[in-house]
Each structure stands twice: as C-alpha cells, then as structure tokens.
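Structural characterization, general
Okay, here's what each chain looks like letter by letter:
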Amino acid sequence: MPFAESKNARYEVPPTAGLPLYLSDLLPGSADLAAAIAHFLNVEHVQLESSGTAALVISLHALHDIAPTRDVVIVPAYTCPLVALAVAQCGLTLRICDLLPDSLSMDPVMLASLCDASTLAILPTHLCGRICAVAPIQICARACGAWVIEDAAQALGARVDGHSVGTESDLAIFSLAVGKGLTIYEGGILIARDAAVRAACAEASARLAPARPLVECQRSLELAAYTVLYRPSLLPLAYGKPLRRALQVNDWLEAAGDRFPTRTVLHRPGKWRQAVGVRALTRLAAFQTSTREQALRRLPQLRAIEGVVPFEDEEGSGTWPVLSLLMPDHSRRDAALQALWGMGCGVSLPFVHALPDYTYLNELIPAAAQDQHALPNARMLATRVLTISNSPWLDDATFASICNTLARICKQA
C-alpha cells in the first residue's frame, strides 16, 4: 500500500520536540558552552565535542588508551547505527546484546554472558529520552572490569533522584544535534566521573579533534538556516518534502534519517555556535517542563488504546522529545505508518531496524548476531515501534486524531 500524500502541505510538525532557536540567539558573540551546560547539569566538568558520535568516539579512544588490552564494546541491539560506526571508527570490536521483551533496556542475563576480560565498555541507552535501569548494567561491568558509558544522546536534562542521568556511571554522552532538545546544529558533550578518565578524554580530544575552519563555517551556516526554517510554516519545505519523496519510493532509511557516513569528522565547535547554545540554554528547563507536562497529559490517551504500549521511564524523570510506543504487531504498526507517516503530524520511527538488519553495517556486525533467529526481542521491537512527536506545535486536536487512527488500526484483525 503506498504512502498517502499529506493533506496539509502548509504546516508540518517536526518528528521530535527540539528547542526552537530565536533570531536573537544568532547575534555575534563568544561563549563557553561546556561551562554553561556543566552548570545546567550541576556537574563538575563537561567536555564539548562536535557531535554526540564524536563524544562517543573520544570516550572510547580515551578508555582504550587507559586499558589497551581491552577492545570489546557491548551495545544494545536496537540503537542508532552511528553507535556501531563509532565503535568501528575506533578500531574496536562490537558485541550486540538483545533487549528485554517489549523493553528498551538490555537483557542483563545475555549481557553477563557477553562480558569477559576483553570488554572495554558497555553502552546502555536512554532511547527517545526514556530512562532505562542502569544498575544491572553496572553490576555486569564491575564483574568484568569494564566501564559504563550511558548513551543519553536524547536525554540532556533527564534526572534520577535529582541528578543528571550519567552521573552514576563512568561516562555519559549527550547530543546537541537538531531535534535532540538544545542544539547548535551539530554538537555533543561528554561527562566523566573519574579525574583520570576525564584527563584521558581531554587528551584524546586534543589529539583527534583539531580546529577545522571550513567544517565550522558549514555548521554555522547550517545553524543559521535551521534557526530560520525550524517552524511549522517552513518545515514542509525543509523536512516534509524530502520525507514524502523518500516515502513515495519506500526508502525508509532515508525517511527515518538512518543512512550515515562510515566515519564521523571530529573537530572543535566554534565560539559563535557556543554562544548561540548558551543563549538558548537559558530557555531549555522551561521548555522541557512544558513538554514533560504535555507528554504526561497525553500518555493516558495512548494507554487507553487496546494493544498499544507506550514506553515510560523505568526510573527518574526523562526528557520527552517524542512519545514512543509499541503497536500490537508488525502489520498494524506498518498500517499506522502508512496512514500517518508523512502526513505532517510528526509520526515517525526511532530507527528502522535492529542493528544486524542494516545491510550497510554487515561488515561490522558479529556473525552470530546476523543469524535471523538471534536477538529476537530487539528484532520484534523494531517491527512494532513508532514515535509521535511531542512538539508543542502538535495540537490536542491533531494528537486526538492520531490516537483515533491508532485505535481504529488496532481493532483490525
């Protein structure tokens, strides 16, 4: 069944709730964004990098510098393909852990079986801003002497017991890319609990992430364009039209933004983009409070749909860029996407596949994980999950219409 054309070509809800930038944020200036985010998170030190993926690459290089005999990184089977590419970029070995049933959290029993003396790091992921339980992962890491890096790319501002996610693990990475909340178009940060690890991360960054003026100029122009275009009246041009073009030819990877270059360019973010981020950061807490209240108000509507299971935090208070949910089965998930994806209402996918099912990652994926019977929970989740934007631009009437569509589809045999 082909994807429908949008009935509203003049208004587009973004797929996630990114913090809108003001034109006044673009005024000339110079600032220390890392220090400002450290204050926002109430942590001692933040290291700024050119993307969340760059922050992961730097973190892995730093840990391998400390423990060169360890070279295995264990990641969840359903996560961003950039995670697998970052591990490969560092010359490390990937191992993939299945998820618990109908969950975004790694299966601790399988995780324990994957850990050994060669394990360098384990990466639990707070996917879609939902906070996963990290304690079981920390137990496995301590047992084999590995580090825990919390992948909080979409969870800047999420807290557990009043503290930022990531502060109870060895490291955490956050993304400042578009749609993640606070953005400088492309950027990332890392936090490290131990002073020696922090020093190793700083040294790795100095070695691997030089100033690249041409790249920074490109990012600055992209940031300015994003500031202008990130509004419902212009998103049909910047986001909607390319999305619908990809859907018309059933290119789901392009539609979901799942096709990435094999290597991430590391460089130093410039002071002007940092100043833009510092200005916007003053509005982030209020924005996240508003989107959290909106999400909590809308969750009961999703829970009321028979067969729909919305994801919620396992602990703490996460961020809410999207509302993520499971449909009853693959066919009804796909029917929901056919009805809603590309219609301008912010329905989308986190990622199209579990990691082993991206053909362009085949050379990076362990042979055991490529067996179609392996990782059944992650593969099942990939066929049933979808997301609904939690942007303030998605009004109550449109959200109710989405819920009605999902309810109608769930009633189908």
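Scope of this entry: the structure provided in the associated data block. Keep in mind it's a predicted model, so treat the numbers as computed, not measured. (Residues numbered from 1 in each chain as written. Predicted model: local features only at pLDDT ≥ 70, side-chain atom pairs only at ≥ 80, totals over all residues. Heavy atoms only, no water.)

Glancing now at the pattern of salt bridges. With the rule as written, the count across this model stands at 19 salt bridges. For D102, the salt bridge goes to R384, with nearest N and O atoms at 2.8 Å. Taken together, the residues span a long stretch of sequence, with D102 in the loop between β3 (93-97) and α4 (108-114) and R384 in helix α14 (residues 376-384) at a distance of 282 residues. With a relative accessible area of 10%, R384 lands in the buried category. A salt bridge links D170 to R193; its shortest N-O distance comes to 3.7 Å. Note that D170 is positioned in the loop between β7 (163-164) and β8 (171-175) and R193 in the loop between β9 (188-192) and α6 (195-208), a separation of 23 residues in sequence. Residue D170 is classed as partly exposed on the basis of its relative accessible area of 21%. Given a relative accessible area of 47%, R193 falls into the partly exposed group. If you follow the salt bridges from partner to partner, you end up with D65, E203 and R207 in one network. (Salt bridge = Lys/Arg side-chain N within 4 Å of Asp/Glu carboxyl O. Helix = DSSP H or I, 4+ residues; strand = E, 2+ residues; numbered from the N terminus. Buried < 20%, exposed > 50% of the residue type's maximum accessible area, 1.4 Å probe, protein only.)

Turning our eyes to something else, we now look at unusual backbone geometry. Although it is not a glycine, Y185 sits at a positive phi angle of roughly 75 degrees. One can find Y185 in the loop between β8 and β9. Even without a glycine there, the phi angle at N250 is positive, about 55 degrees.

This paragraph deals with the packing of helix α12 (residues 330-340) against helix α15 (residues 396-410). At their nearest, the axes of α12 and α15 sit 10 Å apart, and the two run at 145 degrees to each other. Between α12 and α15 the crossing geometry is right-handed. Residues R332, A335, A336, A339 and L340 of α12 lie in contact with α15, whose contacting residues are I402, T405, L406, I409 and C410. (Axes fitted to C-alpha atoms, helices over the stretch in contact; angles between N-to-C directions. Left-handed = near helix turned anticlockwise from the far one by under 90°. Contact = heavy atoms within 4.5 Å.)

Turning to the nonpolar core, a few remarks are in order. Counting 131 residues, the largest nonpolar core has I37, L156, L302, I388 and L406 as its most contacted members. Ranked by the residues each element gives to this core, the list is headed by helix α2 (residues 52-66), at 8 residues. Ignoring anything within four residues of it in the chain, the contact list for L302 reads V308, P310, L323, L325, I388, F399, C403 and L406. Counting 16 residues, the second-largest nonpolar core is a separate cluster that includes V72, L114, A141 and A146. (Core = buried A, V, L, I, M, F, W, Y, C linked by side-chain atoms within 4.5 Å.)

Between α2 and helix α3 (residues 81-89), the least distance of the axes is 9 Å, while the angle of their chain directions is 40 degrees. One element, α2, and the other, α3, form an angle in the oblique class. At the point where α2 passes α3, the crossing takes the right-handed sense. Along its contact with α2, which presents T53, L56, V57, L60 and H61, the element α3 presents L82, V83, A86, V87 and Q89. Its residues assigned to classes, the contact of α2 with α3 shows 7 nonpolar, 3 polar and no charged. (Parallel < 35°, antiparallel > 145°, perpendicular 65-115°, else oblique. Nonpolar A, V, L, I, M, F, W, Y, C, P; charged D, E, K, R; others polar.)

What the 7 strands build is an open sheet, ordered β1-β9-β8-β5-β4-β2-β3; its pairing is mixed. Of all the strands in the sheet, the pair left with one neighbour each is β1 (47-49) and β3. If you compare each strand with its neighbour and ignore which way they point, the axes differ by 25 degrees on average. Relative to β9, β1 runs antiparallel, the two sharing 3 bridges. Note that in β9 the partner of L48 across the bridge is I189. Sitting on the sheet, α2 touches β1, β2 (72-76), β4 (119-122), β5 (147-151), β8 and β9, and the angle it makes with β8 is about 160 degrees. (Pairing = 2+ DSSP bridges.)

Inspection of the secondary structure puts S103 in the loop between β3 and α4. Taking the relative accessible area as the measure of exposure, S103 reaches 10% and is therefore buried. Reaching out from S103, the side chain makes a polar contact with the backbone nitrogen of S105 at a distance of 3.0 Å. Setting aside residues no more than four positions away along its own chain, S103 makes contact with F311, E314 and L381. (Polar contact = N/O pair within 3.5 Å; in protein donor to acceptor, adjacent residues only side chain to side chain.)

Right, let's get into the pairing of β9. The side chains of a regular strand alternate between both faces of the sheet. Most of β9 is tucked away: 5 of the 5 residues are buried. Of the strand pairs in this sheet, β8 and β9 are connected by 5 bridges, and their pairing is antiparallel. Opposite I173, over in β9, you have L190 as the bridge partner.

Now for the sheet that holds strand β11 (residues 322-326). Ordered by their spatial adjacency, 4 strands build an open sheet running β10-β11-β13-β12, and the pairing between neighbours is antiparallel. Each having just a single partner strand, β10 (309-310) and β12 (347-348) make up the two edges of the open sheet. Here β12 runs beside strand β13 (residues 385-389); their pairing, made up of 2 bridges, is antiparallel. In the strand pairing of β13, V347 is matched with I388. Packing against the sheet, helix α11 (residues 284-303) makes contact with β10, β11 and β13, and its axis sits at approximately 20 degrees to β11. Sitting on the sheet, α14 is in contact with β11 and β13, with an inclination near 45 degrees to β13.

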